[in-house]
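Fold and geometry: a report
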Amino acid sequence: MAPLSLITAKPCPFALPENRTALVVIDMQKDFLLKNGYGYLQCPSEQVFEQVSSVIEPTAKAIAAARKLGLHVIHTREGHVSDLSDLPPTKRIRQATANPDRHKLVIGADGPMGRLLVRGSDGHDIVDEVKPLKDEPVLDKPGKGSFYNTDFHQMLVSRGITHLLLAGVTTECCVATTFREANDHGFETCVLVDCTGGFDNTIVSATMDLFCAYDGLLGYCCTSKPLLELAATVSAIQPSANEGVFDISIASLRTAYRTSNLTPATVVEYIYEQIAKPESALVFSKIIDKEVALKTLPEPAIVADVADMPYFYGIPFTVSENFDIENSKLIKDLLASGAILVGSTKIESTGAGVIGVTIAEISSEYSAEYIAGGYSYGPALAIAKGLGSFSLALDTDGTARIPAAFSGVVGYNVSKGLLTSDKITKFCPSVDTVAIIATTVPDARAVFAELRGQDLTDPYSVPDRAIPIKSIDFRGPRDGGFRFAVPDDLSLLSPDYRTAFTACVEKARSLGGTLVEIDWSAVTKASKLLGPLLDVERMAFRTAFESSDPAVAKIQQAISASAAEVSTLKVFQDIDTLRALKAELYLKFEGATGIDVIITPTAPYHPTFAELEANPVGVNADLSIFTKLTNAFEMCAVTLKANEYGPLKLPFGVMLSAPMGMDGRMLDIAEVLA
């Protein structure tokens, strides 16, 4: 699709970059737009209220246009929890104190549509004309601005959004506040002036003038007319017959369900045909009965019905067997969003290292001579074999990313605590992190965006307000540039890996990257400390007896011996030292001269079964040389197929790492490099 823009926007055309633009529909609630709501009770003027509610029709048209153009659509609602603990006294009583005759009912009081501006009340809900679709996010906010005391920034950057169109009410209050906040956060923002209104024409007019004043000091403004005109040029896609061959990536299935006669039943039938093959069945520890998998999923009567289905409607997925299928919140959320759980995949049950297993039947998808790698080998192989659109796994020190790299798929280690890890059996709880295995970076990103959020029942879950916020670069990595560092010691790389990595670095440079040299001493010191600490933790939380796999058993013995040499005093001393080293490394990401990501090979080489058998302990230590620090330093990381090498066309996986909470920026760069 050719680049889109609103050419009549002021002070100049406003770009609508593909996949990076969202229409944010602000507070189109009954409490603000209908009689007897909170707004009407504060300003009981028929004329004024007709003026405010008149924005419903143009806003509905703008939403329809945004959906047709494939823009993200996000809705907000202002309101408070039932005990009003998030409501400052200033907001509740200031107007009533200043003019008690006019403001007899305050927030939280009982009104004709329930308690005023309280979540769960009828008045808090969005009016029917602009109801969100089931796959459109709804942000509940306690303040005027959408960014205050919410995860709105993370909601946007997790989806790669850089440009915002604003609509909704009221112009002078919540729209203007969100507009200013968005400017401070680095988003390009344009207000659709005919899709917003307020209670005082003079103030509304002055506010609209401010939106694009001083040559765009704060942003842009425009009518919705050019948006509607752009949508009119997009032909409605007519349902087509499916030929029986389809791509099971999330993005492709979502499109196919809307534009063809493809149904989840057809997809599931195909998946189970693949699972029935002997080489596929070996990947699973439990296969969900096909009829059970489909039982709770609504099957639309016609293709058009799919337009309002949950985000993961009909998307098949797997999880590693250390997830509690019945009680995991992540799985429950996915099922509630229409995803289809196919089964749980095998792992190396002791969690002893990153080699996986040495069972000949469990090999690389590319060659029987090479290992699959990592204790989370099952999730990676399931995606490589096309047995699901994505898989959830656990990563300790590369145990999910390494098999993903060896399988030629994407392995995304989410910043620790941004996805709940509750009801997952862990091997090293202090560093274990949920990983998403998928075929593409956008698919992995979509899973993260839909599942992210604090879980108060999980002691490792990170509160939204603890996630660092940095202003975004609306230009994106390719046009705005990015800065990266590479390891100073690549001596372990095989010749093929060295060649492939050199090509990857050159590619990064050609796509907007600047290579920056940094002091690696913090990484070097941390590497020496981390191995023994992980060995101690693995022994403390071991869940299995000695493995029957001879290579894994030797690694277990090495872990046990290493842990026995570490005193209790040294454990705490080394943990404290690691914290200092983490702070030292994080400083290299700060300021104008700081880096955005570290780029490394995922592993130094891809071992054969023969190499592993000859030296299991040494190979295990080698493979995690680049991956183990990301978890210990609470960093996010993503590995993706960057190249192929040799006559077998084995995949070479490159890994990007960034500080905790910088997932969005890291994924932006990964999408450019993919």
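In case you missed it, the structure is sitting above this.
Residues numbered from 1 in each chain as written. Predicted model: local features only at pLDDT ≥ 70, side-chain atom pairs only at ≥ 80, totals over all residues. Heavy atoms only, no water.

What about the pattern of salt bridges?
As enumerated under the stated definition, the model contains 29 salt bridges in all. The partner of Arg258 in a salt bridge is Asp135, and the shortest N-O contact between them spans 3.1 Å. Of this pair, Arg258 sits in helix H11 (residues 250-259) while Asp135 sits in the loop between strand S6 (114-115) and strand S7 (138-141), placing them 123 residues apart in sequence. The exposure class assigned to Arg258 is partly exposed, which follows from its relative accessible area of 26%. Assessed through its relative accessible area of 14%, Asp135 is described here as buried. (Salt bridge = Lys/Arg side-chain N within 4 Å of Asp/Glu carboxyl O. Helix = DSSP H or I, 4+ residues; strand = E, 2+ residues; numbered from the N terminus. Buried < 20%, exposed > 50% of the residue type's maximum accessible area, 1.4 Å probe, protein only.)

Some remarks on helix H25 (residues 616-623)
Looking only at H25, the buried set comprises Pro616, Gly618, Val619, Asn620 and Leu623. On its buried face, H25 sits against helix H17 (401-407), helix H22 (550-564) and helix H24 (609-614). (Contact = heavy atoms within 4.5 Å.)

Let's talk about empty space enclosed by the protein
Summed over all chains, the structure comprises 5 cavities of 30 Å³ or more. Approximately 60 Å³ is the volume found for the largest cavity. Lining the largest cavity, in full, are Val414, Ser415, Lys416, Gly417, Leu419, Ser421, Asp432, Thr433, Val434 and Tyr460. Tallied by class, residues from the lining of the largest cavity come to 4 nonpolar, 4 polar and 2 charged. Quantified by volume, the second largest cavity comes out at close to 40 Å³. Of the residues belonging to the lining of the second largest cavity, the class tally is 3 nonpolar, 2 polar and 2 charged. (1 Å grid on protein atoms, 1.4 Å probe; cavity = no way out; pocket = protein on both sides within 12 Å on 5 of 7 lines; lining within 4 Å. Points joined across faces, edges and corners; volume = space filled by probe spheres on them. Nonpolar A, V, L, I, M, F, W, Y, C, P; charged D, E, K, R; others polar.)

Considering the layout of surface pockets
Space inside the second largest pocket adds up to approximately 740 Å³. Lining the second largest pocket are 34 residues, and of these Val138, Asp151, Glu450, Arg452 and Gly453 sit closest to its centre. Secondary structure elements with two or more residues in the lining of the second largest pocket: S7, helix H15 (329-336) and helix H18 (441-451). Among the elements that take part in the lining of the second largest pocket, H15 stands out by supplying 4 residues, more than any other. Tallied by class, residues from the lining of the second largest pocket come to 13 nonpolar, 7 polar and 14 charged.

Some remarks on the packing of H22 against H25
For the pair H22 and H25, the least separation of the axes is 8 Å and the interaxial angle reads 75 degrees. Between H22 and H25, the angle is such that the two are roughly perpendicular. Two secondary-structure elements touch here, H22 through Ala551, Lys554, Ile555 and Ala558 and H25 through Pro616, Val617 and Asn620. Residues that form the contact of H22 with H25 fall into these classes: 5 nonpolar, 1 polar and 1 charged. (Axes fitted to C-alpha atoms, helices over the stretch in contact; angles between N-to-C directions. Parallel < 35°, antiparallel > 145°, perpendicular 65-115°, else oblique.)

A short note on a nonpolar patch on the surface
A grouping of Leu210, Tyr214 and Leu217 is seen on the molecular surface, where their side chains present a nonpolar patch of about 340 Å² in accessible area. Tracing the chain through its elements places Leu217 in the loop between helix H9 (213-216) and strand S10 (220-222). (Patch = residues over 30% accessible without salt bridge, like charges linked within 9 Å, V, L, I, M, F, W, Y side chains within 5 Å. Areas by Shrake-Rupley, 256 points an atom, 1.4 Å probe, with all protein chains shown as cover.)

Concerning the packing of helix H21 (residues 521-540) against H22
Between two packed helices, both the angle of their axes relative to each other and the distance between the axes serve to describe the pair. Interaxial distance between H21 and H22 falls to 8 Å at its minimum, and their mutual angle equals 105 degrees. One finds that H21 runs roughly perpendicular with respect to H22. Taking contact as the criterion, the partners of Pro532, Asp535, Val536, Arg538 and Met539 in H21 are, on H22, Ile559, Ser560, Ser562 and Ala563. Across the contact of H21 with H22, the residue classes break down as 5 nonpolar, 2 polar and 2 charged.

A closer look at the sheet that holds strand S14 (residues 390-395)
Spatially, the 11 strands line up as an open sheet ordered S11-S13-S12-S14-S16-S15-S20-S21-S19-S17-S18, and their pairing is mixed. Two strands close off the open sheet at either side, each with one partner strand: strand S11 (284-287) and strand S18 (513-515). The sheet shows a mean angle of 30 degrees between the axes of neighbouring strands, taken without regard to direction. One ladder, built from 4 bridges, connects strand S19 (residues 597-601) with strand S21 (residues 650-658); its direction is antiparallel. The residue bridging Ile598 from the neighbouring strand is Ser657, located in S21. Sitting on the sheet, H15 touches strand S12 (316-320), strand S13 (340-345), S14 and strand S16 (433-438), and the angle it makes with S12 is about 175 degrees. (Pairing = 2+ DSSP bridges.)

Description of the packing of aromatic side chains
Under the definition given, this model contains 16 aromatic pairs. Their ring planes at 80 degrees and their centres at 5.1 Å tell us that Tyr311 and Phe312 sit as a pair that is edge-to-face. Each member of the pair, Tyr311 as well as Phe312, is classed as buried. Ring geometry for Tyr375 and Phe427: centres 4.8 Å apart, planes at 65 degrees, overall edge-to-face. (Phe/Tyr/Trp six-rings, centres within 6.5 Å; stacked < 30°, edge-to-face > 60°.)

Comments concerning the pairing of strand S3 (residues 21-26)
With 6 of 6 residues buried, S3 lies mostly within the body of the structure. Of the two faces of S3, the one lined by Thr21, Leu23 and Val25 and the one lined by Ala22, Val24 and Ile26 are each fully buried. As defined by bridge partners, S3 adjoins strand S8 (residues 163-169) across 6 bridges and the pair is classed as parallel. If you follow Ala22 over to S8, its bridge partner there is Leu164.

As for the environment of Ser415
Mapped onto the fold, Ser415 is located in the loop between strand S15 (410-413) and S16. In sequence terms Ser415 and Gly111 are 304 residues apart; their C-alpha atoms lie 43 Å from each other. The residues contacting Ser415, other than those within four sequence positions of it, are Thr433, Met635, Cys636, Pro659, Met660, Gly661, Met662 and Asp663. Reaching out from Ser415, the side chain makes a polar contact with the side chain of Asp663 at a distance of 2.6 Å. (Polar contact = N/O pair within 3.5 Å; in protein donor to acceptor, adjacent residues only side chain to side chain.)

Examining the nonpolar core
Here is a general trend for soluble globular proteins: nonpolar side chains tend to be buried in one another's company. Counting 139 residues, the largest nonpolar core has Phe390, Leu623 and Leu656 as the members making the most contacts within it. When residues of this core are assigned to their parent elements, the largest contribution, 7 residues, is made by H21. Those residues within four positions of Leu656 in sequence are excluded, and the remaining contacts are Val597, Ile598, Ile599, Cys636, Ala637, Val638, Leu640, Met666, Ile669, Ala670 and Leu673. Leu69, Val118, Ile126 and Val130 belong to the second-largest nonpolar core, a separate cluster that totals 43 residues. (Core = buried A, V, L, I, M, F, W, Y, C linked by side-chain atoms within 4.5 Å.)

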